[in-house]
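# What the coordinates show
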Amino acid sequence: MRFQLIGVNHKSAPLEVRERLAIPESRLPDTCRDLRAYPGIEEGMVISTCNRVEIVAHTTNGHADLRGFLHQHFHLKPEELDAHLYEFREKDAVRHLFRVASSLDSMVVGEAQILGQVKEAYATARAVGAVRGQLDQLFSRAFAVAKRVRSETAVGSSSVSIASVAVELAKKIFGTLEGKTVFIVGAGKMSELAARHLMAHGCASIFVANRTYERAIGLAQKFNGQAIKFDDLYSTCDRADIVITSTGAPHAIFRREHGEQFLARRKNRPMFFIDIAVPRDVSPEMGKLDGIFTYDIDDLQQAVSSHVADRRKEAELAEAIITSEVERFEARLQTLDVVPTIVSLQDHLETIRQAEIDRVRGRMGQLTPEQEIAIEALTRGIINKVMHTPITTLKTAAKESEATTVVDVVRRLFNLHDKDAAAPDKKNEVGTRP
Amino acid sequence: MSLLWLRFALGCYFIGLVYAFVALTRTSDLFSRIALHAASLGMVFHFVSLAELFLSGQVVWASVHNGESLLAFLSMTFFMIIYAIYQTTSPGVVVFPVVFFLTFVGAVDQQPVLLTQFVSHKGWLIAHIILIFTGYAALVLSFGASLLYLLQERRLKAKKSTSLISFLPALEVIDQIGYRSLLLGFPFMTLGLITGSIVAITTYGRMDFLDPKILLSLLMWAVYMIMVFTRWNSGWRGRRAAFLATFAFVAALAAWAANYFSAIHRFAAS
């Protein structure tokens, strides 16, 4: 295993640093090619999202200068970058990648987006030939681990975006959202998103009010809703169970007296105000009324982060899965490490056998078919018997730490060579090739 | 023998009581399932106890033991109906302690207060007891629901992180549980009082409105009616509804306790 990983993420580097390292999608193939061409790197790929930029490589000797690559590629001085970098090798690199793919290293633990981003990065690097045998195996395993973590733990189960937290809160108040009415005050992207979530969970009808009436009409049409003139806001608002407000008003537009009116007209049925405006649209005084529930942007964000806390507990379970998967991956790679030696050994002995049979033929002249069969069976039998113990020993050794030594001894004893024999790390020279 | 079954039931309800205390501080699906099964088992014992009493022919409908046992059983029945409809055990937080207390009193071998007068119309008396107890059971549940409503409202308003994973059902669901129990209980309570009056008039030939039992019963009924009315008319819920429900509950307890002071309404020996 000669994996190396270097990078920055939301924890290690401020946004300004991550911005300078971020690689646009269009330039990703070129970066992968550059990386592949960098000294000491056999395979490499780049993961670049808004929260992380990471380089994963399989190197010739396990000590490639990935920092140097970053400095050179991004034209950054070591003092600007190095303090924010983390670097992992071998097993630690594998673990880190598994954690990233499983969304355990994400800002919002358990969010599903990261796996898709890693898959895209992998596909890009593969397309330009920067990823082959070793990284191929590593990433296939990482995707399998991510899937396992998702299905065996609840890490990704609870929804986290502000819009979906708003839906969950609404459900805590109303039980079911079937047949509920939503009122959007101030047409904005965020309120539109929240409304879309609410409608997807069963809300029946929608009102839209905006200072600019035309925008209200436009948004209302999207939801098959009804546009309301801003002047009629207070007279219609009580018909809504859920109000999403995001106007640019400098003062609160919903005050205590409005709340009292609404409640009186609604026979005290509760109302839920989602206030995503800054400064706030709903006065805190109104939120104190019985039956009025107000969540402003900070409250929603807090609810989001409490979800994150729940996920942390699940993340502990996920970490255990990762640990066992790293062990499995390592064991599998090591078994693969001895396979080429076994193949070389078999080839070597087969060559000797064939040469000896040819020699016998030369000396004895034409052999009868029966003699051919007898000689074939005899020589093959001897070789199989002789090979049995060394092969078993190699396979057993592969699962233990002494694999490198045993492989080395076998190669020396039988004077085995292959194309990569010049590589200094004997253990890895027999790594599989596609 | 009936008392033995009732004590088994009490043991099962005790698990429910523990659940009620635990549920206030943390959520556990497993524990709520255990409590539910224990309560169901308790109801089976309880039913056997009541049935045996009835079949033995020794039933004394107006005894403290039997009355409280019956009330506890009816409350549990209400709880189970609510569970069947809403799939929530959280009303148990209030219902379990009340049921445990009632069953406990019923299961203790105490000397009961005697019914002083001979009642001539036994059928009316039985109807009175069953109706009024069903009304009481509904009131217990409605009271429980209004407390849970307050709790859930406070959690939502406090915007604490636990508000999303709280064990309580949605606010409107709690509200419905409370309102439906209230609506269901009211006719029973009213009919119970009417049959009670009939029993009183046929036995004594008159109604003594100054008797504490009758006075408090009427007060309780009045509070009950105000609750139904304010709810229906202006949708009172939350704090105001909870105060009213508490008041009605206290009035009901007082009316119950008045048995010990009333000249005309006394229990028989069991």
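Residues numbered from 1 in each chain as written. Chains lettered and ligands numbered in written order. Predicted model: local features only at pLDDT ≥ 70, side-chain atom pairs only at ≥ 80, totals over all residues.

An α-helix turns once every 3.6 residues. As a result, residues three or four positions apart point the same way. Counted at 1.5 Å a residue, the expected span for helix H2 (residues 29–55) of chain B with its 27 residues is 39 Å, and the 39 Å between its end C-alpha atoms agrees. Every buried residue belonging to H2 of chain B is among Ala 35, Ala 38, Ala 39, Gly 42, Met 43, Phe 45, His 46, Ser 49, Leu 50 and Leu 53 of chain B, and all of these are buried. (Helix = DSSP H or I, 4+ residues; strand = E, 2+ residues; numbered from the N terminus. Expected span 1.5 Å × (residues − 1). Buried ≥ 20, exposed ≤ 12 C-beta atoms within 10 Å, placed from the backbone.)

In this assembly, 20 residues from chain A lie in contact with 18 residues from chain B. Looking at which element gives the most residues to the side of chain A that touches chain B, the answer is helix H14 (residues 297–364) of chain A, with six residues. Of the residues assigned to the side of chain A that touches chain B, the class counts are seven nonpolar, five polar and eight charged. (Contact = placed C-beta atoms within 7 Å. Nonpolar A, V, L, I, M, F, W, Y, C, P; charged D, E, K, R; others polar.)

Looking now at the pairing of strand S7 (residues 226–229) of chain A. All names here are of chain A. Note that strand S6 (residues 205–210) and S7 share four bridges and pair parallel. Pairing of Phe 207 across the sheet is with Gln 226, part of S7. As for the winding sense of the linkage, the β-α-β connection from S6 through helix H10 (residues 213–222) to S7 is right-handed. (Pairing = 2+ DSSP bridges. Right-handed = clockwise from strand over helix to strand, strands pointing away.)

All names here are of chain A. Strand order in the open sheet made by the four strands is S2-S3-S1-S4, with antiparallel pairing throughout. Here the strands that pair on one side only, and so sit at the sheet edges, are strand S2 (41–48) and strand S4 (86–89). Going across the sheet, the axis of each strand differs from the next one's by a mean of 15°, ignoring polarity. Bridge analysis of S2 against strand S3 (residues 52–59) gives seven bridges, and the strand direction is antiparallel. Bridged to Ile 41 within S3 is Thr 59. Contacts from helix H3 (residues 66–74) reach strand S1 (3–9), S3 and S4 within the one sheet, and its direction differs from that of S1 by about 45°. (Axes fitted to C-alpha atoms, helices over the stretch in contact; angles between N-to-C directions.)

The next subject is the environment of Glu 192 of chain A. Residues and elements named next belong to chain A. With respect to the helices and strands, the residue Glu 192 is situated in helix H9 (residues 189–200). With 18 C-beta atoms packed within 10 Å, Glu 192 lands in the partly exposed category. Distance in space between the C-alpha atoms of Glu 192 and Leu 219 is 8.0 Å, their sequence separation being 27 residues.

A word on H10 of chain A. All names here are of chain A. Of all the residues in H10, the buried ones are Ala 216, Leu 219 and Ala 220. Mapping the buried residues of H10 onto a view down its axis gives an arc of 100°, with all of them on the same face. When the buried face of H10 is taken as reference, the exposed residues oriented beyond 90 degrees from it are Glu 214 and Gln 221. Residues of H10 that are buried make contact with strand S5 (181–185), H9, S6 and S7. Downstream of H10 by one or two residues, Asn 224 has phi in the positive range, about 60°. (Arc of directions from axis to C-beta.)

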